[in-house]
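Chains, contacts and geometry: an overview
The chain contents come next:
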Amino acid sequence: MTPVPPSNQERSKNRELAPEQPEINNDHLDAEESHLQSPLTKLGLKGKGLQWANWIAVAVGIYLLITAVNVIGDGFKTATGGRAEELFAFASNPMVALMIGVVATALIQSSSTTTSIVVGLAAGGLPMSICIPMLMGANIGTTLTSTLVSLGMAKDKEAFRRGFSAASVHDFFNLLAVLIFLPLELMFGLLEKTSGAAANVLAGSDGGPVAAVVGGVGSVIKAGTEPLANLIAMPFEGLSDAVAGVILIAIGVLLILAVINFIGTLLKAVMVGRAKAILHNAIGRGPISGIFSGMLMTVLVQSSSTTTSLVVPLAGSGTFSLRQIYPFTLGANIGTTVTALIAAFAFTGGEAQFALQAALVHLFFNTFATILIFGVPFLREIPLYGAVTMGNLGAKNKLYVAAWVLGVFLALPAVIIALTVFV
């Protein structure tokens, strides 16, 4: 019997999934690095002086981030008067909380900002049953960035097919992670229990020496950031608690947005060369190396959006295959949780335990999802084949891309929230 030759589409799919070792093309990363400049160059700084100023500015940025999270926690506690659960009754349905996380992150294009805000809200009394779906939603919302980056290749059909597939693998992985872990959370409280136990060891009153050390560090940081937080709150002391609290939350959110954007810009300028070296050193060393490299890259530049901005165009150019990009995106998911862990140090005592628990939920969710989905062969392939399918469809007709973006990040959340709240 004469074998049937594969179709063009099958050959395209096989090439996309093949773990081949392409020749590394530096052009995109070199261009990326060449136009990056620290904002501090506007002050006339250069050389060693600029390097020192960059790192001092990063330290100041982290200080302001922790202060902003502190302001959100205080504002939320003031506004709700200890009735946070009643205030967020509309989000007690996990699907609504999930969609709030999706939409918020898609709009502000930063999961770090969303998770830092949730950490502050958790310290202010937001129930963990609401925080957990919001944090899961942040993982889905952040994938919009890589999709937008891939649109830059829309004029070249083949490059766009590869680039959009590389962007979509992030979407499909995070959607699959939520489909698996949200039901597990609702049935067994997996993340709430594991993060609660870890937070008790690290920050609880019965945590022993480890909690004492973490608590001591938290107390020092709290003592350093509280004066500025109190100074921000001072002008609004004469207002009603509800109004003052809402204003403080708004100030905290805006400050977090500004600070994370500033830190990201600085670290991108300072660290993108190292990120490029990490990318190239990881090529051909297997998926585990890819995961750790993606994680390290994201920690270095403090932005999973930057990680995807670097690798998606490389996939589009054919430098990396989809199977090589895949582990990087998983590592980026884990690396981006560091910001929330830093933000948790804004609090002490019982507040610190709840803040740290929320940050650990995000870390555990991404870690558990990577271990399970990437560790089980048939689960591992689902995001890959979903991404290839979307890439092929998007290359044929850009309406599929529009439907995917608007459907996942806008229409679906709006419909679910509307049905849950109003029906």
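To be clear, the structure that these remarks concern was listed above.
Think of each chain on its own: its residues are numbered from 1, step by step along the sequence as written. Confidence filtering applies because this is a predicted model: local features only for residues at pLDDT of at least 70, side-chain atom pairs given and counted only at 80 or more, and all residues used for totals across whole chains, interfaces and linings. For the side-chain quantities, the full set of heavy atoms in the structure was used; hydrogens and water were omitted.

Some points on the packing of aromatic side chains
The rule is short: rings of Phe, Tyr and Trp, with Trp giving its six-membered ring, pair when the centres are within 6.5 Å, and they are stacked under 30 degrees, edge-to-face over 60, tilted in between. Per the stated rule, a full pass over the model turns up seven aromatic pairs. Centre to centre, the rings of F181 and F365 are 6.0 Å apart; their planes meet at 85 degrees, and the pair counts as edge-to-face. Remark: F365 occurs in helix α17 (residues 349–375) and F181 occurs in helix α9 (residues 157–188); sequence separation between them is 184 residues. Judged by relative accessible area, which is 4%, F181 ranks as buried. An aromatic cluster is defined as three or more aromatic residues linked by ring pairs; in this entry it consists of F173, Y326 and F374. Only DSSP runs of H or I with at least four residues qualify as helices, and only runs of E with at least two residues qualify as strands; both kinds are numbered from the N terminus onward. Under the scheme applied here, a residue whose accessible area is under 20% of the maximum for its type counts as buried, over 50% as exposed, and between as partly exposed, the area being computed with a 1.4 Å probe on protein chains only.

Re a nonpolar patch on the surface
There is a patch of nonpolar side chains on the surface, built from W52, I56 and V60 and spanning about 350 Å² of accessible area. With respect to the helices and strands, the residue I56 is situated in helix α3 (residues 47–80). Residues forming no salt bridge and having over 30% relative accessible area are the ones grouped into patches, like charges within 9 Å of each other and nonpolar side chains (Val, Leu, Ile, Met, Phe, Trp, Tyr) within 5 Å. All accessible-area figures derive from a Shrake-Rupley calculation using a 1.4 Å probe, and residue coverage is judged against the displayed protein chains alone. When a carboxyl oxygen of Asp or Glu lies within 4 Å of a side-chain nitrogen of Lys or Arg, that pair is called a salt bridge.

Some details on the nonpolar core
The nonpolar side chains of a soluble globular protein tend to be buried with one another. In terms of nonpolar packing, the biggest core is built from 93 residues, with V69, V119, M136, I256, Y326, I373 and F409 touching the most fellow members. It is α17 that contributes the most residues to this core, 13 residues altogether. Contact between two residues is taken to exist if any of their heavy atoms lie within 4.5 Å; hydrogens are not considered. If we skip the residues at most four places from it in the chain, Y326 touches V169, F173, I373, F374, R380, P383 and L384. Within the second largest apolar cluster, six residues are counted, among which are V71, A229, I232 and F236. In this description, a nonpolar core means a group of buried Ala, Val, Leu, Ile, Met, Phe, Trp, Tyr and Cys residues linked to one another through side-chain atoms lying within 4.5 Å.

A short note on the pattern of salt bridges
Per the counting criterion, the structure on display carries four salt bridges. A salt bridge links K77 to E351, with the shortest nitrogen-to-oxygen separation between them at 1.9 Å. Placement of the pair is K77 in helix α3 and E351 in helix α17, with a sequence separation of 274 residues. Relative accessible area serves as the criterion here: at 36%, K77 is assigned to the partly exposed category. Classification of E351 by relative accessible area gives buried; the value is 18%. Of the charged contacts in the structure, one is a salt bridge between R162 and E158, with a shortest N-O distance of 3.7 Å. In this pair, R162 and E158 are both assigned in helix α9, four residues apart and thus about one turn of the helix distant. Through salt bridges that share partners, E158, R161 and R162 make up one connected network.

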